[in-house]
Each structure stands twice: as structure tokens, then as C-alpha cells.
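For reference, the chains in residue letters:
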Amino acid sequence: MRKNRVIATILFVVMAVQAFAVTSVAKSLTELDSSVPFVAIFKSGSYGEYLQTYARAAASEDVINIDVTKYSDSENVRVTDFEGKTNVLMTEDVGFVEFTIEVPSTGLYGLGCSYYPVEGKGVAIERAITVNGESPYSEARTAALDRIFVDDVDWKNVSEADADGILSGYFVEDLNGNQIRPIAKERRMWIEDSYFRDSTGSYDGALQFYLEKGTNVIRLTSTREPVAISELFLYGVQESVSYTEFLAENGEYLISGDQLIAKIQAEYPSAKSDPSVY
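Because the structure is predicted, anything quoted here is derived from the model rather than measured.

(A) Structural detail: the pairing of strand β15 (residues 227–235). Here β15 lies mainly inside the structure; 8 of its 9 residues are buried. The pairing of strand β1 (residues 63–66) with β15 spans 4 bridges and is antiparallel. Residue pairing across strands places V63 opposite Y235, the latter belonging to β15. Pairing between strand β3 (residues 85–103) and β15: 3 bridges, direction antiparallel. Bridging from a neighbouring strand, T91 pairs with V227 of β15. Relative to β15, strand β4 (residues 107–116) runs antiparallel, the two being bridged by 7 bridges. Residue G112 lies in a different strand from β15, and its bridge partner there is F233.

And the structure:
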């Protein structure tokens, strides 16, 4: 009996300590100062950490057009006429091209381009981007450009959309009436005024690079897939306005629900950046 009382006493003490600890933590959480801003912690060498480092740097208002025919160094590239355009920079899945540019003002710049996805393995195009001989962050080693895919549909058998946006005949059905997803095929075309993005999808929008005023050297090294580039430019990536700000600026165009013009079903994409999207 005495042994049982000792065990019970020990258990009571342990439970009391745990309860006190939980109460103390809960109290400390409720007493946190909400005025202290939350600061995200990013992996060392990541794009997130890079943006934090240059958080005070403004997006440049300059647009710097880079002549793709005037590279300062290269390997396995050539300039030619291609798909209706002249002076196109053809890059393979192995090689690099380097440009020496004059930057008029210090700031953050996105790297934009107009490009044509040349036939390859059908995966995203990737380039390692270095600035003045250094990779600024890990995501810059696999900066990506999208390919464009469309569903391979026999449009002769597809009817016009009804009031709900449904297209009869878009999907082939099996013997049990189940819809079969169409095979996606690549649509090769010029993609204008695009930008290099994070291949992992962890960050939205164009990857940005901090450039000092003066001479800078930017190198694009092929890591995956060939691509034709007709235009290359640096530009300031402006922040998107919030939905509230957008409504304030465009309130005069608001319409009620009964004025809805049409319904568009998301299962009928006109184009997509990945064949697996459905």
C-alpha cells in the first residue's frame, strides 16, 4: 500500500508540473506583443533570404534592352533567322551566353525575354543565371521558362458551349460513360514579354536580381532544353496592387451578378504550362 501511495504522489507531482508548464506557455503566448512584425526565416542561400537582404532596394523604373546579337562571350550558340524573326539567339541544352551591360541605376531587376521553345524533351526550359560571376541565390541556378501545351481535341465533334459553359464532345467517353482526359500536345509559338521564374514554384513572378549602377556581366548557362530568344531585357518588377486597391480604382466598372456575360469552365483550358494540368 505504501508503495502505491508513493507512485500516486509521484504521478500527481508530474501532472501538476505539466499543467503548470502548459498554463505558463499559454499565458506567454497571449502576452505576445502583436505590434512586433513577423519576420520569416528562409533557408540560407535561398531567394527568400536574398529578397530580405535587399528589402530596402527599390525596384528599378528603368528598362534595359539587351541586344541578343552582341554577347561578350559564348559557347554553343548562334544568331540566325527563325520562325518569322530575324537576329534570333539560338541556344542549345549545353552551352552559355554572356552579356556585358551598363546599368543606369542601382536596384532590383527582373530578367525578361521573348522566346520560342525549340523541340526538345518537352520539359521546362532552365538556365543558370549568374551576375558578375556569382550565383546570387540557389533558385537562380534553375531559372525556368515555360512551354505551352494544349489538349489534343477533335474540335469537329465539339459543340458550342451551353449557358453553363459546357462543351459537348470535348471529352471522349469509354464504354461506361466515363470521360477520358485528352492527351496534351505542345504548341510551339513565340512567347512574348515573359520572364525567368522559380522552377520549384515556391516563389511567384519574375526572379529579381540586385544590380549596382555601372557595368555588370550576366551569364545564362544552359541546364535543360534548347530555346530561341529574340529579345532579352531587364526591368523593374512592380508590386501588384491589393484587391481592395483594385476595386477602389475600378469601382465604376462593377456589375451585379445578373449581368454576368458568360461562364467559362476551367476543364477546357485554351493553354497550359504543364501537360499534367487538368
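The rest of the description comes next.
(B) Here's a closer look at the confidence of the model for the protein chain. Taken as a whole, the protein chain shows an average pLDDT of 86; of its residues, 83% reach a score of 70 or greater. Throughout residues 24–29 the model reports pLDDT below 50, and contacts reaching past four residues in sequence, or to other chains, amount to 0 contacts.

(C) Quick look at a nonpolar patch on the surface. Judged by side-chain polarity, V241, Y243 and F246 come together as a nonpolar surface patch covering roughly 340 Å² of accessible area. Assignment of secondary structure puts F246 in helix α3 (residues 243–250).

(D) Structural detail: unusual backbone geometry. With a phi close to 65°, N76 is a non-glycine residue in the positive phi region. Here N76 shows up in strand β2 (residues 73–82). N76 sits in the partly exposed class, given a relative accessible area of 46%. Although it is not a glycine, N132 adopts a positive phi angle of roughly 55°. Inspection of the secondary structure puts N132 in the loop between β5 (125–131) and β6 (143–145).

(E) Summary view of the pairing of β4. Buried residues dominate β4, accounting for 10 of its 10 residues. In the sheet, β4 pairs with strand β13 (residues 208–211) via 4 bridges, with the strands oriented antiparallel. If you follow Y109 over to β13, its bridge partner there is F209. Note: β4 against strand β11 (residues 191–195), 3 bridges, orientation antiparallel. If you follow C113 over to β11, its bridge partner there is S194.

The rules we used
- Residues numbered from 1 in each chain as written.
- Predicted model: local features only at pLDDT ≥ 70, side-chain atom pairs only at ≥ 80, totals over all residues.
- Heavy atoms only, no water.
- Buried < 20%, exposed > 50% of the residue type's maximum accessible area, 1.4 Å probe, protein only.
- Helix = DSSP H or I, 4+ residues; strand = E, 2+ residues; numbered from the N terminus.
- Pairing = 2+ DSSP bridges.
- pLDDT = per-residue confidence, 0-100.
- Contact = heavy atoms within 4.5 Å.
- Patch = residues over 30% accessible without salt bridge, like charges linked within 9 Å, V, L, I, M, F, W, Y side chains within 5 Å.
- Areas by Shrake-Rupley, 256 points an atom, 1.4 Å probe, with all protein chains shown as cover.
- Salt bridge = Lys/Arg side-chain N within 4 Å of Asp/Glu carboxyl O.

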